[in-house]
Amino acid sequence: MSVKNQFKLLLGGLAARRSGTAAPAAQSALREFLDRSPLVSAAIFVFTVVAILLISSAGMTTAHVSVLPGQLATVRVSASAPFSYTSKLKTDAAHEQLLHRVPPVYRLDAKPFLDFEAAARELLAKLAAFEATHPAGTTTLLTRPALAAIADTFNARGPYAVTPEDIAALLAAGDAKVRTGIVETGLATLRDLYAQGVTDNALAGASPGSAVIFQIARPTGEIAARPVQSLENAFTLLRVALATDGVSRPAQQALFRLFRQGLVPNVVFDAAATAAREKESARGVKPVTVNVANGQTILEPGQKVSAEQFEMFEAHRKYLLEHSDIELREGLTLFGRVLLVLAMVLASLIYIRIEDPETLRSNVRCGLLALVVIGNLTLIRANYSLGGAEFFLRDSSWASTLPYVAPTALAPLIVAILIDAGSGIFMALFISIFTGVIYGNRLDLLVLTFLASLVAIFMGRDARRRGRVVRAAGAGGLTVAAFAALVAISDQTPVETLVRQMAAGLATGLITGIAVVGLLPILESLFKRTTDITFLELTDYNHPLLRRMQLEAPGTYHHSLVVAQLAENACNAIGAHPLLARVCALFHDIGKINHPSFFGENVLDRTSPHTDRTPLESARIIKAHVTDGVALALQHGLPRQVVDVIQQHHGTTLVRYFYDRAVEQSRAPFAAKKKPSVEPPVAAPLVPMEDFRYDGPRPQFKESAVISLADGVEAASRSLRTATPETLRELIDRIVADRIAERQLDEAPLTFEEISKIKNSFQFTLLNMLHSRVAYPGTEQPPAAAKA
């Protein structure tokens, strides 16, 4: 049909609608135009490309790229304008470097000297008392215990280890005056050494014998650098000071062993003074300002984001937020995005052309695909735009959860349920690619979302309960959570951020399932698609039409149940849609409830309402159950497939019984007037067969053809006296052959192999339905009683 004629049809349909006249042909033409017109197809294509381009490009800036330190950058980010910022990392590094240059502060501990001085003076006093009680010449055997007691008392005053022999040597050095002079010399030497400072070699870090400069805090609080003596040097000075004239060498050695007990390192680290000095030094550290030039690279794709790069990126993002005019000029390359969108849409068309050409020929299906794609990408883009909110700019750990909140499985799951799993898988790839592009060319996000969508499609591909849809989407969310954990572990993401990402992925999956369940009825009504969920709901025997059939036409109801069983089993055998066949078969004869008594299966007694009517009138009543059924189906909002089966299940077959009666009645008068053979016989008038044929159309799809055959086979099987495999096979073969001869199956896509499987299925089902039972004892009447 030319474009000009399509426009005429469109205008004619609209004019008929405005005029208010009943114009079913015009409405059908309008529907055909909208569903098949190349103009509408082109409009859908252009609208889809433009919408996806705007969603994935308009206002896209690198300010919204989600990245954390330690992750691989997925997109190059360059400065859109020169800016500067205060670097906390570099300021902290400068502060830390300065602290390393601040030397530690020490103090001199006088307590070891004071303790030893007190112990030494007490020792002098005890030696004087010892001399008073032990005059010269006392044997060593008597003096040793007393000297040992003096040594023990001295050692108890501190960490000393003086022996009785050392005490005896000091005692032998001279009288009390000489001993006092020697001790005072030693104490003076110790006092000088302690005042200068004594440190061990480990703290000094120098070779023995060298002086080391320390920062010493004085009691006044002043800190000054001064040399201190190493412990080795201090021992040497002490030995020299004790080597006085008039003292024997053994006595000098004993005195040195005594006084070295009081010489210990007294340079102690002063934590408070060191901290105060570091704090004072830190005041002089100025914040480090980093200047970034226009075009300077901030992030490089494929490289791990360092802490310094992340800080610069955050500063750049805040700068863009404060300067919106620069953010608008910072958009990503538009030309490359146009090419990507065109390539993906064309790839989608090629895939549909190969795998599902019927979808490509239907603008309704293409419109459904375009709507769910655009809607899903809009939600993903809106979720991405949340990254520019102040809350997410301030907390990048929360911003990193946004990719896992994107409902990427929404469109794939809807398409898989409404069309087929193959289209849903390609839709998942389409959505995942653009999700990765929107979030900064993130390959990990592309793979993750595609895998999650595949899991959801696999779990919900044959969903017949709404709860299974939610579970399928939840499984997709669980997949996101699991792989988010693996990615986070490899990137060494903090545990808190990992928990947020996993919770976001799981919650998004469940919410997506709930959203799909809520959207399915709307999309089914809008695009005239019916899911298995709706079909299963229509098998409820409490449906108003089925309930009415049970009460008003029970014979027709039983007939519909048998036809539904036959059709469902046969469709299952040939790989058609068993549930669709069952639903359509249940409703295929609902038109009979308007005149139930005119159909043989509902006649309770032997009287027939057709007795007083002409064959043509009876045929019209019989044929009317098709148009009545269509009206009832439309009135109750039954799916389009059910309406089609109601129209097609009789095709253009002949109402044979009433046609034969009409032919017989038309011949009767001429048979009575038949004259002798002298004159030629008078020909009987012909009865037009078109008046006794159903209006059709003939079955157009497999399920409709199967129901048409099952309807004829079930009705004919009622006339069998006994149901054996041979009689059923003969009956089924005859009915199927008649339908083929009448060309009733010419428009249905059935092969001879499938017809053979259908016949075998009919025979198997009917044999099990019409089987005979063994008579129980006492149930058969005697012959005499039977005759009576």
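Placed above this text is the structure.
Residues numbered from 1 in each chain as written. Predicted model: local features only at pLDDT ≥ 70, side-chain atom pairs only at ≥ 80, totals over all residues. Heavy atoms only, no water.

*Asks:* Lay out the overall build of the protein in plain terms, naming residues and giving numbers.
*Replies:* Within the protein, the regular secondary structure consists of 36 helices and 9 strands. Out of the 788 residues belonging to the protein, those deemed buried represent 46%. Here the protein displays about 40,400 Å² of accessible surface, and carbon together with sulfur accounts for 60% of that area. (Helix = DSSP H or I, 4+ residues; strand = E, 2+ residues; numbered from the N terminus. Buried < 20%, exposed > 50% of the residue type's maximum accessible area, 1.4 Å probe, protein only. Areas by Shrake-Rupley, 256 points an atom, 1.4 Å probe, with all protein chains shown as cover.)

*Asks:* Go over the nonpolar core with me, naming the residues and quoting the values.
*Replies:* Counting 54 residues, the largest nonpolar core has Phe587, Ile590, Leu638, Val706, Ile758 and Phe762 as the members making the most contacts within it. Take this core: its biggest share by element is 9 residues, from helix 28 (residues 554-574). Ignoring any residue separated from it by four or fewer positions in sequence, one finds Ile590 in contact with Leu545, Met549, Gly629, Leu632, Ala633, Leu638 and Ile646. Core analysis: the second largest hydrophobic core is formed by 47 residues, Leu402, Ala406, Leu418 and Ile431 among them. (Core = buried A, V, L, I, M, F, W, Y, C linked by side-chain atoms within 4.5 Å. Contact = heavy atoms within 4.5 Å.)

*Asks:* Account for empty space enclosed by the protein, naming residues and giving values.
*Replies:* All told, the structure shown has 5 cavities of 30 Å³ or more when counted by the stated rule. Its boundaries defined by the atoms lining it, the largest cavity holds a volume of some 130 Å³. Listing elements by their share of the lining of the largest cavity, those giving two or more residues are helix 20 (402-405), helix 23 (443-460), helix 24 (466-490) and helix 25 (495-527). A class-by-class count of the residues in the lining of the largest cavity yields 10 nonpolar, 8 polar and no charged. (1 Å grid on protein atoms, 1.4 Å probe; cavity = no way out; pocket = protein on both sides within 12 Å on 5 of 7 lines; lining within 4 Å. Points joined across faces, edges and corners; volume = space filled by probe spheres on them. Nonpolar A, V, L, I, M, F, W, Y, C, P; charged D, E, K, R; others polar.)

*Asks:* Give a detailed account of helix 28, specifying residues and quantitative values.
*Replies:* Its 21 residues place the ends of helix 28 30 Å apart at the C-alpha level, agreeing with the 30 Å of an ideal helix rising 1.5 Å per residue. Gly575 sits one or two positions beyond helix 28 and adopts a positive phi of about 80°. (Expected span 1.5 Å × (residues − 1).)

*Asks:* Give me the lowdown on the pattern of salt bridges, citing residues and values where you can.
*Replies:* Tallying each qualifying case throughout the model produces 24 salt bridges. Among the salt bridges present, the one from Arg500 reaches Glu496, with a minimum N-O distance of 2.6 Å. With a gap of 4 residues between them, Arg500 and Glu496 both fall in helix 25, about one helical turn apart. By relative accessible area, Arg500 is classed as buried at 16%. In this structure, Glu747 and Arg698 form a salt bridge, with 3.1 Å as the shortest nitrogen-oxygen distance. (Salt bridge = Lys/Arg side-chain N within 4 Å of Asp/Glu carboxyl O.)

*Asks:* Report on the state of the cysteines, specifying residues and quantitative values.
*Replies:* Disulfides are covalent bonds that connect the sulfur atoms of two cysteines. Counted by the stated rule, this structure contains 0 disulfides. Free of any disulfide, Cys584 has its nearest neighbouring cysteine sulfur in Cys571, separated by 9.2 Å. (Disulfide = S-S within 2.5 Å.)

*Asks:* Describe the layout of surface pockets, and please don't skip the residues or the numbers.
*Replies:* There is about 1,300 Å³ of room inside the second largest pocket. As for the second largest pocket, its lining consists of 34 residues, and the residues nearest its centre are His650, Arg656, Tyr657, Ala715 and Ala716. Put simply, the parts of the chain that give the lining of the second largest pocket at least two residues each are helix 30 (615-635), helix 32 (656-672), helix 33 (702-717) and helix 34 (725-741). In terms of residue count, helix 33 provides more of the lining of the second largest pocket than any other element does, 5 residues in total.

*Asks:* Talk me through the side chain of Ser348; I want residue IDs and the actual numbers.
*Replies:* Structurally, Ser348 is set in helix 15 (residues 334-355). Of the polar contacts made by the side chain of Ser348, one reaches the backbone oxygen of Met344; its length is 2.8 Å. (Polar contact = N/O pair within 3.5 Å; in protein donor to acceptor, adjacent residues only side chain to side chain.)

*Asks:* Quick one: what's the story with helix 13 (residues 307-322), residue by residue and with numbers?
*Replies:* Taking 1.5 Å per residue as the helical rise, helix 13 with its 16 residues ought to reach 22 Å, and the 23 Å between its terminal C-alpha atoms agrees with that figure. Three or more residues of helix 13 are buried, namely Phe310, Glu311, Met312, Phe313, Glu314, Ala315, His316, Arg317, Tyr319 and Leu320.

*Asks:* An account of the packing of helix 21 (residues 410-418) against helix 25 is requested, with residue identities and associated values reported.
*Replies:* Close contact between helix 21 and helix 25 brings their axes to 10 Å; oriented N to C, the two are set at 45°. Considering their axes alone, helix 21 and helix 25 lie oblique with respect to each other. Remark: the crossing between helix 21 and helix 25 carries right-handed chirality. Residues Leu410, Leu413, Ile414, Ile417 and Leu418 of helix 21 lie in contact with helix 25, whose contacting residues are Thr512, Ala515, Val516, Leu519, Leu520, Leu523 and Glu524. Taken together, the residues of the contact of helix 21 with helix 25 sort by class into 10 nonpolar, 1 polar and 1 charged. (Axes fitted to C-alpha atoms, helices over the stretch in contact; angles between N-to-C directions. Parallel < 35°, antiparallel > 145°, perpendicular 65-115°, else oblique. Left-handed = near helix turned anticlockwise from the far one by under 90°.)

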